[in-house]
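# Coordinate analysis (summary)
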Amino acid sequence: MKRVARVAAIALVLMLVFALLGWMMMPRWDSRPYTDHIDVSSSEPAIIPAHASIAHEGRYPTRETQLSIDIGNGKALSAILREPVGAAGPRPACLFIHGSGTSGAEDFGDIANAMASAGIVTLVPAKSSDDYTVLHRDYPRFASEYGRAFDTLLGIRGVDRSHAGIYAESEGTWIATILASQRHDIAFAALTSAPVFKGREQMAVAMSTYAHEAGAPKPVIDDTLKLLSLDYRPFGLQYADFDADRYLESLTMPILVSYGVYDTAMPIEQGAQRIMQVAQRNGNHDVTVRYFAGNHQMRAGRGLFAPGLPLADGYTQALENWVNGVASGAVASGWATPQVAGVKPNQQFAAPERTNSGIIGSLGVLVGVMLAGPVLLALAFLLGIVATIRAGVRERDGLVRVRGRYVSLRSAPAAHGAGRQRYASVAEPCWSMGLSALVLSLLVYGYLSAVGAAAVFALTPAPHMFGIGWHMLQVLTMVVVVVSAVSMESLWAKRGRIDGIRRAICVLVIAAVLCIFLSLAFWGLFGL
């Protein structure tokens with residue numbers, strides 16, 4: 001009974017300590033449902049100028065021309081220029097700025113060609129891939145390169161320099177706002193699927209929505225908040241804190257904000273409201289907002305990226321009419337259609353105002369904790385191999401360890417079997433808790449990977465599958481804690497017989513188990 005009491009006490013202490021640490025790792029903010037929904041005045045997304053005669057889609061045949069744009073330092077980017085054939089007089093023009101999912105000059109082809117058929121000159125340059133990685137993105141450099149492309153567009157014969165603007169999609173919005181802060185000859189800005197907020201703030205919206213739609217339990221959704229709160233600097237992810245508010249102030253020209261209502265990656269209501277508020281504060285009342293039955297890429301389907309889908313109904317027509325209307329002199333009061341219209345949106349989660357972290361504030365520290373357990377177990381395993389080889393050599397030489405010293409098998413013939421049994425009796429509890437903790441951690445990371453894949457690729461599992469899986473992991477965590485408590489009690493009882501390299505092995509294994517428990521606490525497995 002005394003042993004049972006000691007095991008129960010150790011298990012209880014482990015559970016309480018790591019539950020407390022898990023609570024302290026929670027960031028001091030939460031992902032909350034979005035309730036301040038935008039008022040959509042009409043279900044029709046069409047944009048019609050009240051007092052202007054404009055060209056519509058399909059009026060002109062189009063011509064494509066391959067260009068090369070010098071961006072300095074001996075580098076050039078390919079680009080595709082599309083022009084309306086037979087359109088009289090200087091024409092409005094539009095430069096396309098890529099988001100993270102596109103990069104080639106051939107991208108935006110259907111949108112750019114549709115605009116050209118409505119009399120708008122379009123230029124789609126390729127995006128430079130130099131030093132553009134998951135870990136690093138230099139938005140000011142991209143703004144400079146797109147600035148060169150904009151100068152090229154202004155120099156095209158037949159372009160109305162006073163009515164040339166930009167079309168930016170997704171991440172390209174951040175680049176567009178930097179570009180707008182550097183020059184004052186951008187006549188309009190069409191912003192599609194705009195993140196608006198800092199990277200980690202808008203990702204709080206995306207990840208919370210993804211995990212919720214995938215059926216992930218609340219503790220797993222909370223894990224996304226922990227990840228978004230971390231300092232990414234050791235890995236070069238500074239662009240996650242891009243100062244979106246600072247550059248948003250530069251949007252003083254007419255603005256068209258477009259979102260797809262199936263887009264779960266962006267703050268589709270909060271973002272539009274933020275743009276209107278900032279613009280109005282700076283005296284710009286010419287902001288038009290449209291919602292379409294489309295996804296993040298404004299395609300007629302769900303999911304973040306789904307190739308081969310057609311554009312959302314009415315999207316290019318609204319875009320072309322707005323650009324031609326602006327070029328014809330239409331202002332906020334000069335439209336026959338409302339400022340905010342289209343399919344009614346329903347943003348589920350709000351972008352947070354702050355993202356400060358808990359006691360683990362760095363991604364580097366988290367990665368270190370997650371790697372420490374397996375690395376320490378690997379070291380213990382190597383020491384175990386060394387100990388086994390040494391024992392084999394000594395047994396070959398007729399020596400065995402008895403009571404802390406080596407004696408000859410001839411003087412202690414029974415010591416041979418006793419030595420092996422003693423070694424095994426010490427090693428078994430040590431390795432049982434180490435291996436059980438390692439297997440549990442692998443199961444947890446596999447589970448989290450499955451949730452992430454289901455969320456990003458819009459895979460819907462069987463109802464409550466992820467919830468059941470999470471509860472099973474919690475039960476397994478308790479089982480591993482009990483196994484560890486039994487092992488620790490057994491090792492303590494045999495501490496007098498554990499010396500030398502075997503003691504080092506047990507210390508490494510216990511340290512590895514505690515590191516694994518700490519990482520599991522971060523992921524919420526010890527939640528109270």
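Residues numbered from 1 in each chain as written. Predicted model: local features only at pLDDT ≥ 70, side-chain atom pairs only at ≥ 80, totals over all residues. Heavy atoms only, no water.

### What about the UniProt feature "transmembrane region" (unreviewed entry) in the chain?
- With numbering aligned to this structure, UniProt lists the feature "transmembrane region" (unreviewed entry) at residues 7-26, 359-386, 430-459, 471-492 and 504-526.
- Its end C-alpha atoms 38 Å apart, residues 359-386 is made of 86% helix and 0% strand. (UniProt positions renumbered as here; feature names shortened; annotations may be inferred. Helix = DSSP H or I, 4+ residues; strand = E, 2+ residues; numbered from the N terminus.)

### Observations regarding unusual backbone geometry
- Positive phi, close to 55°, is recorded for Asn73, a residue that is not glycine.
- Its place among the elements puts Asn73 in the loop between β1 (62-72) and β2 (75-84).
- For Phe108, which is not glycine, the phi torsion reads 65° and is therefore positive.
- Inspection of the secondary structure assignment puts Phe108 in the loop between β3 (91-97) and α2 (109-117).

### Let's talk about the pairing of β3
- Along β3, seven of the seven residues are buried, which leaves the element largely enclosed by surrounding structure.
- Across six bridges, the pairing between β3 and strand β5 (residues 159-169) is parallel. The residue of β5 that forms the bridge with Ala93 is Ala164.
- As paired strands, β3 and strand β4 (residues 121-125) are joined by three bridges and run parallel to one another. Paired with Ala93 across the strands is Val121, a residue of β4.
- On the question of chirality, the crossover connecting β3 to the parallel β4 by way of α2 is right-handed. (Buried < 20%, exposed > 50% of the residue type's maximum accessible area, 1.4 Å probe, protein only. Pairing = 2+ DSSP bridges. Right-handed = clockwise from strand over helix to strand, strands pointing away.)

### Regarding the packing of helix α1 (residues 2-25) against helix α12 (residues 465-493)
- Direction vectors running N to C along α1 and α12 enclose 125°, while the axes themselves pass 8 Å from each other. Classified by the interaxial angle, the pair formed by α1 and α12 is oblique. For α1 against α12, the interelement crossing comes out right-handed. Contacts between α1 and α12 involve Arg3, Arg6, Val7, Ile10, Ala11, Leu14 and Met15 from the former and Met478, Val481, Val482, Ala485, Val486, Met488, Glu489 and Ser490 from the latter.
- Taken together, the residues that form the contact of α1 with α12 break down as eleven nonpolar, one polar and three charged. (Axes fitted to C-alpha atoms, helices over the stretch in contact; angles between N-to-C directions. Parallel < 35°, antiparallel > 145°, perpendicular 65-115°, else oblique. Left-handed = near helix turned anticlockwise from the far one by under 90°. Contact = heavy atoms within 4.5 Å. Nonpolar A, V, L, I, M, F, W, Y, C, P; charged D, E, K, R; others polar.)

### Considerations on the state of the cysteines
- On inspection of all chains with the given rule, the structure shows zero disulfides.
- Unpaired in terms of disulfides, Cys430 finds its nearest cysteine sulfur in Cys506, a separation of 3.5 Å.
- With a relative accessible area of 1%, Cys430 lands in the buried category. (Disulfide = S-S within 2.5 Å.)

### Observations regarding the nonpolar core
- Counting residues in each nonpolar core, the largest one holds 123 residues, and the members touching the most others are Leu95, Ile97, Leu153, Ile166, Tyr259, Tyr291 and Phe517.
- Among the elements that take part in this core, helix α13 (residues 500-522) stands out by supplying eleven residues, more than any other.
- Both domains that furnish three or more residues to this core are identified here as domain 1 (1-26 + 358-393 + 426-523) and domain 2 (62-350).
- Once residues within four sequence positions are removed from consideration, Leu153 is found in contact with Leu81, Ala93, Cys94, Leu95, Val121, Leu123 and Val159.
- Core analysis: the second largest hydrophobic core is formed by 25 residues, Tyr167, Ala190, Phe292 and Met298 among them. (Core = buried A, V, L, I, M, F, W, Y, C linked by side-chain atoms within 4.5 Å. Domains from an automatic or database assignment.)

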